[in-house]
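Residue strings, one per chain:
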Amino acid sequence: MKKLSTLILSLVASASMMANISDAEKEALMKLHKATNGTQWTNKWDLKSPVESWFGVKIVNDKVVAINLQNNHLSGELPTEMGNLINLQSLNLFKNDISGVIPNSIGNLKQLRSLNLAFNKLSGKLPESLCEATGLVVVELHMNRISGEIPANIGNLQHLRTFSMYNNELTGNIPTSLYNIKSLKSLLLSSNKLTGKLDREVANLSSLESLSLFENNMQGQVPFDLEKLSNLKEMNISYNMFSGLVSKNLAQLDTLNMTMINDKGLAVNLEVADKSSALANED
């Protein structure tokens, strides 16, 4: 009898230690599994086992706080139900075969700090709702097929440190609001189809350490104000259509020494001038 009582107490204790996530969160995980061909994943989920045993799922206090399924052979599209994971702090689906669009429900993830969907086949526009996930610190969406303009209200992400969108199909200007993100350290927008000028307000990005605008269609004077970015360690804005004069400091900082494409499609180097001349010739 004593052994039976001990066994019952042990089972009760084990059950109490098992996660009891909400129905909405479990449904979201199930939808993700189905929508991305979970039966073909490299590391599969046993749907009959407790959720806390599922590969790449982190649960704290009965809440799904992180999903890490990078390089796990996910294919298909992200389901709208992803927005039900309202306690999610980190979503890492790096290097899979996910297509379709980023669901608008991404904006429901107010606790999200890190979003990594890089090296997939995502297309369509970057949803404006992303800017409602105001806790974001890291956004890595490079090496996809995302098109359209960067949302005008991107500046709502005031905690953002990394915004990596290189090798996509973005068009339009860099939104003015982006220049107000004082926390931004890495702005990586190379190999897109961006146009317009690089605003002098880029000098507001006081924390910026890395700036890459390589291979776009941006025009106008390279703002001399870039020199005010005292934390800037690396920069590549070459292979645009910038014109005018640049300072020696900026030319040396740029990886390709300010090699631009002129109106004839030829590669040319911008003329280097002293500081006063560069300022005098800014638009």
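As a reminder, the structure under discussion sits directly above these lines.
In this text the structure is predicted, and so the values were computed from the model without any measurement.

Undergrad: With reference to specific residues and values, describe the nonpolar core.
TA: Leu29, Ile67, Phe163, Leu226, Ile237 and Met258 are the most contacted members of the largest nonpolar core, which totals 71 residues. For this core, the secondary-structure elements that each account for two or more residues are helix H2 (23-35), strand S1 (57-60), strand S2 (63-68) and helix H3 (248-253). If you tally residues by element for this core, the top one is H2, at three residues. In this structure Ile67 touches Leu29, Leu32, Gly56, Leu85, Leu88, Ser90, Leu91, Asn92 and Leu93, once residues within four positions along its chain are discounted.

Undergrad: Could you give me a rundown of the sheet that holds S1, with the residues and numbers involved?
TA: Pairing is mixed across the open sheet formed by nine strands, whose spatial order is S1-S2-S4-S6-S7-S9-S11-S13-S15. Edge positions in the sheet fall to S1 and strand S15 (234-236), since each of these pairs with one other strand and no more. Here the strands of the sheet are splayed against their neighbours by 15° on average, with no regard to which way each runs. Here S1 runs beside S2; their pairing, made up of four bridges, is antiparallel. Paired with Val60 across the two strands is Lys63, which belongs to S2. Running at roughly 20° to S2, H2 makes contact with S1 and S2 of the sheet.

Undergrad: So what about the environment of Asp62? Which residues, and what values?
TA: With respect to the helices, strands and loops of the structure, Asp62 is situated in the loop between S1 and S2. Spatially, the C-alpha atoms of Asp62 and Asn87 are 9.9 Å apart, while their sequence positions differ by 25 residues. A distance of 3.0 Å separates a polar atom in the side chain of Asp62 from the backbone nitrogen of Asn20.

Undergrad: If you had to explain unusual backbone geometry to someone new, which residues and values would you point to?
TA: Despite not being glycine, Asn37 shows a phi value in the positive range, around 55°. Here Asn37 is to be found in the loop between H2 and S1.

So, how was this worked out
- Residues numbered from 1 in each chain as written.
- Predicted model: local features only at pLDDT ≥ 70, side-chain atom pairs only at ≥ 80, totals over all residues.
- Heavy atoms only, no water.
- Core = buried A, V, L, I, M, F, W, Y, C linked by side-chain atoms within 4.5 Å.
- Buried < 20%, exposed > 50% of the residue type's maximum accessible area, 1.4 Å probe, protein only.
- Helix = DSSP H or I, 4+ residues; strand = E, 2+ residues; numbered from the N terminus.
- Contact = heavy atoms within 4.5 Å.
- Pairing = 2+ DSSP bridges.
- Axes fitted to C-alpha atoms, helices over the stretch in contact; angles between N-to-C directions.
- Polar contact = N/O pair within 3.5 Å; in protein donor to acceptor, adjacent residues only side chain to side chain.

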